[in-house]
Amino acid sequence: MERMGKADTHVHTDYSGFNSLGLMSFPESVIDPAKQVDDARRRGLDVLCITDHNEVAGGILAQKYAKKFDDIDVVVGDEVMTDQGEVIGLWLTEKLKKWLSPEEAVDIIHEQGGLAIAPHPFSVHVDGMQEKIFDLPIEGFEVINGGHPDPYSNYLAQCIMDRHPGKWAATSGSDAHSLFTAGYNWTEFEGRTEDDLRKAILRKKTVPVGTPAPVLGQVQWSMEVVWGGQKLMYKALRGKLPEVENNSLIHKINSISDIKKATGIVAGFAYEFPLTNMLATLLSVSFLKRRAKKAMRNIDERIANIDRIIAEKEAAAGDGSE
Ligand SMILES: [Fe+2]
């Protein structure tokens, strides 16, 4: 039997900008688009979807670069922040504005000829759209998100998908911001090309495979962005970091004061001290576990409530197969 195609439907590059944790600001990713394509080919992916935060420029570069090879297709996407959580548009031509309503964002994705996927819809620690997804004409949602090793977020998504088969496409995306967290999970589909993936999503025939990346991978990612950020700040201090169009990471580093750059470099060394990053990791793992455990207490009621919401929507749509 012919093997299924493999796609990663949720991958970031260094066009994903900055995030902050308390007072600390750090790059989301320091991996450039070509490197993500090279890594995806090495891992045997047929389709790579680049879904930077609120940006398509990295995806467009990756797609251009991938044209050199005949074994991989790149889909240009955008993981955009709405005022009620994040939504991914795949097969886009332009980035979306932040803070639209989810309805507006999904409409724009469809107007561009794209498909809408809800990433980590029931996340306990990042901005998933939660029950809002049931109000939207999205094509699918993630049942495996590689950045969610907690026992709740992916589990609830899988439960809902299992209870309503064929209603949405089930996807599995690494959400990799680093090469260390890629390759543990992916979406399978009949065929090999981006068109085949698109058809599989529209027919709700995608197959989610794999598990979230191990916590060690997340630690390696954090070290990678701290070290990468330090290198960029050092270059900027020496006046040797040229601006790159649409790259908000480079732009932000160039625009902060020299004293902030120097402080960032020193703070980076403090983070790289092994005890500090192990402690930070242990704290975040226990924080996630506590959140997941608390959410687990009410999971049966939540599932019953979601079933009720879906039944009401189907009744309102009239034919029961909205
Ligand atoms: Fe993401």
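Residues numbered from 1 in each chain as written. Predicted model: local features only at pLDDT ≥ 70, side-chain atom pairs only at ≥ 80, totals over all residues.

Note on placement: M81 falls in strand 5 (residues 73–82). For the pair formed by M81 and M129, sequence separation is 48 residues and the distance between their alpha carbons is 9.8 Å. M81 has contacts with N54, E86, K98, W99 and D127, leaving out every residue within four places of it along the chain. (Helix = DSSP H or I, 4+ residues; strand = E, 2+ residues; numbered from the N terminus. Contact = placed C-beta atoms within 7 Å.)

This part is about the sheet that holds strand 6 (residues 85–90). In space, the nine strands of this open sheet follow the order 9-8-7-6-5-4-1-10-11, with mixed pairing throughout. Where the open sheet ends on each side, the last strands, each with one partner, are strand 9 (169–173) and strand 11 (207–210). Across the sheet, the axes of successive neighbouring strands diverge by a mean angle of 30°, strand direction being ignored. In the sheet, strand 1 (residues 5–11) pairs with strand 4 (residues 47–53) via three bridges, with the strands oriented parallel. Bridging from a neighbouring strand, V11 pairs with I50 of strand 4. Lying on the sheet, helix 1 (residues 33–42) is in contact with strand 1, strand 4 and strand 5; it crosses strand 4 at an angle near 150°. Helix 4 (residues 153–163) rests against strand 8 (140–145) and strand 9 of the sheet, and its axis sits at about 135° to strand 8. (Pairing = 2+ DSSP bridges. Axes fitted to C-alpha atoms, helices over the stretch in contact; angles between N-to-C directions.)

Let us look at the UniProt feature "transmembrane region" (unreviewed entry) in the protein chain. Mapped onto this structure's residue numbering, the UniProt feature "transmembrane region" (unreviewed entry) falls at residues 265–288. Secondary structure across residues 265–288 divides into 96% helix and 0% strand, with the first and last C-alpha atoms of the span separated by 28 Å. (UniProt positions renumbered as here; feature names shortened; annotations may be inferred.)

For the protein chain, the domain assignment lists domain 1 (5–214) and domain 2 (217–294). Contact residues are listed per partner, giving 22 residues for domain 1 and 20 residues for domain 2. Considering each element in turn, the side of domain 1 that touches domain 2 owes the most residues, three residues, to strand 3 (residues 24–27). Its residues placed into classes, the side of domain 1 that touches domain 2 shows 13 nonpolar, six polar and three charged. (Domains from an automatic or database assignment. Nonpolar A, V, L, I, M, F, W, Y, C, P; charged D, E, K, R; others polar.)

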